[in-house]
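# Coordinate analysis (summary)
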Amino acid sequence: MAFDVDFFVIGAGSGGVRAARIAAMHGAKTIVAEESRIGGTCVIHGCVPKKLYVYASRFADDFADAAGFGWSVGAPTFDWPSLVAAKEKEITRLSAAYRANLAASGAELIEERATIVGPHRVRLARGQDVSARHILVAVGSRPTLLPGVEGLEHTITSNEAFDLPVFPRRLLVVGGGYIGVEFASLFRRLGAEVVHVMRASNVLRGFDDDMREGMRAAMARAGVVHRFGILPSRIEKRPDGALRVMLANGEMIDADQVLVATGRLPNTEGLGLESAGLELSRHGSIKVDENLTSAVSSIHAVGDVTHRVNLTPVAIREGHALADSLFGLAPKPIRYDTIAHVVFGTPELGAVGISEAEAVQRFPKVDIYKSDFRPMKATLSGSGERTIMKLVVDGATGRILGAHLLADHAGEMIQLVAVAMTMGATKADFDATVAVHPTAAEELVTMRAPAVRYENGRPAAL
C-alpha cells in the first residue's frame, strides 16, 4: 500500500521534533503538525522559562549573602515586566531554533491541529487527509485542575504563571508536587507572600523522606507558609479583583492569584485515538510496549502522553530511539532506572535511583550513608541553609541503588552521579575516588561509615 508520507508526527515539542528530525535524516518522508507554538511545553511554558525564573529569584539570596563577604549594596528592586519580556525573547529564539532544525533535517512542518481518523490516516484542521505508514503521537500533557471546587475559573496554572500582567504580591499555590514547590519557592524569593496548600502531609510525594523534610524546611526558612492536609473548597473574586479562598477547614486566605499545580495529564482528548482502535488508560495515556508502539502497530507514542516518566530528556531519547527503530539502525536501549530527577527549588533537590524506603522493601541488606551539613558559603553569609546528601547502597553487593542531594547545584551533581550509576558504580568506587576540596560534592566520596543499616526490612546493628 502506498502512503503519502512515511512518518506523521502530531506535536512539535521536544520528543516529536527529535523523532521527526532523526526520521527525516534517515530518509523518511516526514510531516510534523503543531497547533500551538513550536517547542512544546518545555520550551514555551515549562522547564526553560521555569529555570530562567528560578535564576531570577535566587538573586534575592545573593544580595542578602553579599554583606557577609564584605559587599555593601543598596536596597535591590525587582521589575516583573522586565523578566517576562526577557523570558519571552529567549523562548522565541529557542522556538525559532526548533523550527530551523526541523527544516534543515528535511521534515515538513504544518502549523495546524491534526487528529487521527484511522490506523494510517491523519486529518488536518483544514479538512485534508494524509496517509502515513507510521504515526507518532507526541502531544505532551496539560495541567489538571481540582474537581468540585467552586470558582476554579478564577485560578491559573503553570501555563499562565509566566506571563501574568501584574506581579502577584499574594500568591496561593495549590499542590505539593515539584511544580508547586518550584513556583512557591521562586515567587517567594521574587517578593510575593506565598501560602502553599496541599492534600498531602508533606511536599514532594515519591521523593526520599529526608529530602522532603529538607525541602520543606528550606521553604519555611524562605518564608513560604505551608498548610498540609487541606485544599480549597471555594474561590471568590472580590470587587477589587482580589481572590478570597476558603479552605476545607474554614480558613480564609486572601490572594492576588491562585496557582493550581495539582499534576498534569496526557493531552490526548479529542485526538481521535479511539477511532483508530486504541483504548486509553484511565489517565488518558497511550499504552506502549518497549518499542514505543501502541496496540495498533502503526501508531506510536513518546513522552508525557505515555504518562510514564514525564521529563523532557526522556521524550527526546524516546523520540530518537523510535525514529532509529522505524527508519534507521537498531536503537540504543533506554535505561529508565537511572534517570535523574531535579526539583528546582532553592536549594535544588536531585535524585537518581530509589529512595531509602523503597530500597528497604526491595533488598534484604541496605546501607544508608548520609551527610547533613552547613555549606561553606553559609558560614560567612550567616544564612540557615543546609545541605543533605544520601547514598542508598545494596549491603550485599555494594552497588549504589540511589543518590539524593539537597544542595546548591544539585542538578549539576546528580547528572554525573547518574552516569556513574548507569555504569554500575559501587560504594567502593566512590570511596576510591579522590575528593575535590573544598566542594559540597566531595561529601559523595568521603562518607565512610553507614548512618543506618537494614536487614530484612529492619534496622540492624552497625
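Look a little higher up for the structure.
Since the structure is predicted, the reported quantities are computational estimates derived from the model, not experimental observations.

## What to know about the pairing of strand β5 (residues 121–124)
Because side chains alternate across β5, one face comprises the buried residues V122 and L124, and the other comprises R121 and R123, none of which is buried. From the end of strand β4 (residues 114–118) to the start of β5, which pair antiparallel, there are two residues. Relative to strand β6 (residues 129–137), β5 runs antiparallel, the two being bridged by three bridges. By the bridge assignment, R123 is partnered in β6 with D129.

## A closer look at the environment of M389
Within the secondary structure layout, M389 lies in strand β20 (residues 387–394). On the basis of relative accessible area, M389 is assigned to the buried category, the value being 0%. Each C-alpha atom, one on M389 and one on L444, is 7.3 Å from the other, the two residues being 55 residues apart in sequence. Beyond its immediate stretch of four places on either side in the chain, M389 contacts Y369, K370, S371, H404, L405, M413, A440, A441, E443, L444 and M447.

## A look at the side chain of S281
Considering the arrangement of structural elements, one finds S281 in the loop between β15 (264–266) and β16 (299–301). In terms of polar contacts, S281 uses its side chain to reach the side chain of S285, at 2.5 Å.

## With respect to the packing of helix α3 (residues 47–66) against helix α6 (residues 178–190)
Between α3 and α6, the shortest axis-to-axis distance is 8 Å and the interhelical angle comes to 45 degrees. When the axis of α3 is compared with that of α6, the two are oblique. The hand of the α3/α6 crossing is left-handed. Residues K50, Y53, V54, A56, S57, A60 and D61 of α3 pack against E182, L186, R189 and L190 of α6. Class assignment of the residues belonging to the contact of α3 with α6 gives a composition of six nonpolar, one polar and four charged.

## Some details on the sheet that holds strand β14 (residues 257–260)
Here four strands make up an open sheet; going across it, the order is β10-β9-β8-β14 and the pairing parallel. The open sheet has two free edges, formed respectively by β10 (225–228) and β14, since each of these has just one partner strand. Put simply, the sheet's adjacent strands are angled 20 degrees from each other on average, direction ignored. As paired elements, strand β8 (residues 170–174) and β14 share four bridges and run parallel to each other. Following the sheet pairing, V174 is matched in β14 by V260. Set on the sheet, α6 makes contact with β8, β9 (193–198) and β14; between it and β9 the angle comes to about 165 degrees.

## Side note on helix α7 (residues 209–222)
Under the 1.5 Å per step criterion, the end-to-end length of α7 is 20 Å for 14 residues, consistent within 8% with the ideal 20 Å. Here α7 has its buried residues at M211, R212, G214, M215, A218 and M219. Projection of α7 onto a plane perpendicular to its axis shows the buried side chains occupying an angular sector of 165 degrees, all on one side. With a side-chain oxygen positioned 3.1 Å from the backbone nitrogen of D210, the residue opening α7 is D208. One or two positions beyond α7, positive phi appears at G223, with a value near 105 degrees.

## Re the packing of helix α1 (residues 14–25) against helix α8 (residues 312–327)
The interhelical angle for the contact between α1 and α8, taken along N-to-C directions, is 25 degrees, at an axis separation of 7 Å. Our classification of the angle between α1 and α8 gives roughly parallel. Helix-helix and strand crossings are classified by hand; for α1 and α8 the assignment is right-handed. Together, S14, G15, R18, A19, I22 and A23 of α1 and T312, A315, I316, G319, H320, A323, D324 and F327 of α8 make up the contact between the two elements.

## Considering a nonpolar patch on the surface
A cluster of nonpolar side chains, namely F59, F63, F69, W71, V73 and L380, defines an oily patch on the protein surface of about 660 Å² accessible area. Along the chain, the position of F63 falls in helix α3.

## A closer look at the packing of aromatic side chains
Summed over all chains, the structure comprises 10 aromatic pairs. With a centroid separation of 5.7 Å and 35 degrees between ring planes, the pair formed by W80 and F187 is classed as tilted. Pair noted here: W80 is in helix α4 (residues 80–105) and F187 is in helix α6, with a separation of 107 residues, a long-range link. Note on accessibility: W80 and F187 belong to one class, buried. For the pair F162 and F183, a centre-to-centre distance of 5.3 Å together with 55 degrees between the ring planes defines the contact as tilted. Of the two residues, F162 is situated in the loop between α5 (158–161) and β8 and F183 in helix α6; the sequence distance between them amounts to 21 residues. Relative accessible area serves as the criterion here: at 2%, F183 is assigned to the buried category. Taken together, the ring pairs connect Y53, F78, W80, F162, F167, F183 and F187 into an aromatic cluster. Across from the ring centre of Y369, 4.3 Å away, lies the NZ or CZ of K427, which sits over that ring.

## Brief notes about the sheet that holds strand β22 (residues 452–455)
Here seven strands make up an open sheet; going across it, the order is β17-β18-β21-β20-β19-β22-β23 and the pairing antiparallel. Strands at the two margins of the open sheet, each flanked by one partner only, are β17 (341–343) and β23 (458–460). Pairs of neighbouring strands in the sheet enclose a mean axial angle of 20 degrees, with direction left out of account. Two strands pair when backbone bridges link them, and strand β19 (residues 365–373) and β22 are joined in this way by four bridges, in the antiparallel orientation.

Analysis parameters
- Residues numbered from 1 in each chain as written.
- Predicted model: local features only at pLDDT ≥ 70, side-chain atom pairs only at ≥ 80, totals over all residues.
- Heavy atoms only, no water.
- Buried < 20%, exposed > 50% of the residue type's maximum accessible area, 1.4 Å probe, protein only.
- Helix = DSSP H or I, 4+ residues; strand = E, 2+ residues; numbered from the N terminus.
- Pairing = 2+ DSSP bridges.
- Contact = heavy atoms within 4.5 Å.
- Polar contact = N/O pair within 3.5 Å; in protein donor to acceptor, adjacent residues only side chain to side chain.
- Axes fitted to C-alpha atoms, helices over the stretch in contact; angles between N-to-C directions.
- Parallel < 35°, antiparallel > 145°, perpendicular 65-115°, else oblique.
- Left-handed = near helix turned anticlockwise from the far one by under 90°.
- Nonpolar A, V, L, I, M, F, W, Y, C, P; charged D, E, K, R; others polar.
- Expected span 1.5 Å × (residues − 1).
- Arc of directions from axis to C-beta.
- Patch = residues over 30% accessible without salt bridge, like charges linked within 9 Å, V, L, I, M, F, W, Y side chains within 5 Å.
- Areas by Shrake-Rupley, 256 points an atom, 1.4 Å probe, with all protein chains shown as cover.
- Salt bridge = Lys/Arg side-chain N within 4 Å of Asp/Glu carboxyl O.
- Phe/Tyr/Trp six-rings, centres within 6.5 Å; stacked < 30°, edge-to-face > 60°.
- Lys NZ or Arg CZ within 6 Å of the ring centre and 35° of its normal.

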